[in-house]
Each structure stands twice: as C-alpha cells, then as structure tokens.
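What follows is each chain in one-letter form.
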Amino acid sequence: MARHEFPEKTKRTIAERAGGRCSFPGCDQQCWVPNSDTDKSTSVGVAAHIHAASPGGPRYDPDQSPEQRKSADNAIFLCQDHAHLIDADFSVYSAETLREWKARHEKQIAGEVEEAFALPAIEVYRQSGISIDASLPKKVTQEIIAGLVEHRIVVRNSTDYEYRRIGFKLQYPELLGRFLNIQGPAGFDGQAIFEQDNVRINVTGSGSVTLPGNDFVGSVIVEGKNMLPNDSITLDIPSLADHTGLAPPRADEGDPKYYFWIHGEVTVTLSNVLKQLKFSAPLFYDDAHRRITAGSVHASRPEHDPYITLLTF
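Quick caveat, the model's predicted, so the values are computed rather than measured. (Residues numbered from 1 in each chain as written. Predicted model: local features only at pLDDT ≥ 70, side-chain atom pairs only at ≥ 80, totals over all residues. Heavy atoms only, no water.)

Asks: How would you sum up the layout of surface pockets? Please name residues and give values.
Replies: In this structure, the second largest pocket occupies an estimated 240 Å³ of space. The wall of the second largest pocket is formed by 13 residues, among which Glu8, Lys11, Arg12, Ser43 and Gly45 lie closest to the centre. Counting residues per element, the ones that place at least two in the lining of the second largest pocket are helix H1 (8–17) and strand S3 (45–49). Grouping the constituent residues of the lining of the second largest pocket by class yields six nonpolar, three polar and four charged. (1 Å grid on protein atoms, 1.4 Å probe; cavity = no way out; pocket = protein on both sides within 12 Å on 5 of 7 lines; lining within 4 Å. Points joined across faces, edges and corners; volume = space filled by probe spheres on them. Helix = DSSP H or I, 4+ residues; strand = E, 2+ residues; numbered from the N terminus. Nonpolar A, V, L, I, M, F, W, Y, C, P; charged D, E, K, R; others polar.)

Right, here's the structure in full:
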C-alpha cells in the first residue's frame, strides 16, 4: 500500500503554525535557517505523522481515510532528531501525547494566555512529622523533636506553558537544618546554591542534599530547566528554633512578618518569543507559633514590594 504523504502546502502550514520551532517539550529548536542562496531558506524540521502514513508504521490507525492521514490534523512539526525519536520509541510517544504537545506548542506560539497566568503556583505546608538524619544525636528525645519543624515547599507549573528555565531564591525565616531534600520532575536538570556556605550542588531528577558544617541561616537558590505543565519542584526543609540570634532579620520596610519569601523568574515561549517573567511570593510567618498564616504569588512589583530584592538568574 502506498504511503500517504503530506502535500507541500500542508507541510508549510504545519511549520508556520509551530512558529518554525520543534514541538518536542524542552527542545524549541528553530528549524528554519538561512540558505547560502540569499533567495532561499532551509528547513531542518519535519512534519511528522502522528498516525503512520502506511500500515506497520508507528501508531498506524486503520480507521483513518487517506485524506485524514495526509491532513494537517495528523501532523506535528518536529526537528529531525525528535521526529526520529518518536517513531523509534513509539510505545512511549502515543498519538494522544503528540496531540497534547502540538496543541500546547501552538497555544504558546499564539500567545493566547496572558502573562499573569504563566506564573507558577507555590504551595507551602508545615509537615506533621519530621525527617531524621545522621546529624541528630543517636538518642532522639522528645525535647529534640519539639525543637524541629519541617516545611514542604512545592513550586508547581500549574499553567499550560512549558518552563524552559526556572530559577528562584527562597529566604527561610529560621535556621536551616543540615540536610535538604529536593525532588524535581523526571529529567529535571538543575542546581541548588547555598549562599552562606558558597556551595553549589547539582540536582538531577531528585536527591537529598546534605549541607556541610553547622546549621546556617538560610537562603537557597534553585535553578533548573524544562518543566512541563503539572511538573513540580519539591523542597523538604527542616529547621531549628533560633536560640542563637542568627535567624534572618526582619525586613526594614513593608510588613515585618514578610521575612519568609520566595522570588524568581521563569522563561516561557510567548508568541514565538522567549520571555522572562519575574514572580514573588511573600509569606506571613508567625514566628511565635512557627507557622505560615498567609501568602500569595504574583508578578513582581518592586516599586510596591520594598521588602523584596529581585535577582537576575
């Protein structure tokens, strides 16, 4: 049976709807490049079949008509490497997955969502239990447990966008414990930076990060790449009550309770342009009871948030 290939007009339409960029999450390669002939351009992209063009091919659908197999609805624009990958490992890359990628990519290229809706969701929980590590005494007493608090902080991509890059700084209101557990999505590639100790630690996927030396006053920077919608970065942070006077000072301006905060930057594709969006999450912290009482995530407004100093990652 003959292969049902896409007409040239359909190939061009698929490339244009994708903004000339690969639709594979995290790739975003520009697939139209200048040709040595000044009257021409060269495409290194492919209008790949979602359902195969002929029997025996990846994701072949026998119920499709020839017209459906050759239609733009059955195509996704990819760079050549990822076009080969989805067919070589088609049990992983289903037709439903490819359609989701295509729809999300085209939505990003169209810039249909306002920038404010591209900000991450930040969830903060006070853990009901605690994690124990080797830095604690061999005999863990009730008094030791009473002095330990652990917060879980989740930075979630709750949008329809893919975060090409994310970086955020967390200022914690107490003394950080000696260990910090960071979990990222599959394939997450990033690093954690502990400013006071001048330590950088690579984080891939997930891992437990053990701090050298003593408990320290904490700000932690986390930087990473490639977060799909619904992906999240989770930090489990144990802390100690401050009996040394080393805890972070309260802000001189703004509400004095705002000395627990997260702020950072995400890079997304909007209307075929990579754009950086800064965000802030100031949190009310009741230090008497060691609990968060309120907080929100919003686009950064340094002129209205004098207690926040924005970083460039």
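Asks: Any details on the nonpolar core? Residues and values, ideally.
Replies: Inside soluble globular proteins, nonpolar side chains tend to come together where they are buried. Residues Ile166, Phe168, Leu235 and Ile237 are the most contacted members of the largest nonpolar core, which totals 32 residues. Here this core takes six residues from strand S7 (residues 163–176), the largest share from any one element. Once residues within four sequence positions are removed from consideration, Leu235 is found in contact with His151, Arg152, Ile153, Phe168, Leu180, Asn181, Ile182 and Val222. Cys31, Cys79, Ala95 and Leu98 belong to the second largest nonpolar core, which has 21 residues in total. (Core = buried A, V, L, I, M, F, W, Y, C linked by side-chain atoms within 4.5 Å. Buried < 20%, exposed > 50% of the residue type's maximum accessible area, 1.4 Å probe, protein only. Contact = heavy atoms within 4.5 Å.)

Asks: Any chance you could break down the pattern of salt bridges for me, citing the residues and the numbers?
Replies: For the structure on display, the rule yields 10 salt bridges. For the salt bridge of Glu16 with Arg12, the shortest nitrogen-to-oxygen distance reads 3.5 Å. Taken together, the residues Glu16 and Arg12, both in helix H1 and four residues apart, mark about one turn of the helix. Linking Glu265 and Lys278 is a salt bridge whose minimum nitrogen-to-oxygen distance equals 2.9 Å. Of the two residues, Glu265 is situated in strand S14 (residues 260–270) and Lys278 in strand S15 (residues 273–286); the sequence distance between them amounts to 13 residues. Among the residues examined, Lys278 registers a relative accessible area of 29% and is labelled partly exposed. (Salt bridge = Lys/Arg side-chain N within 4 Å of Asp/Glu carboxyl O.)

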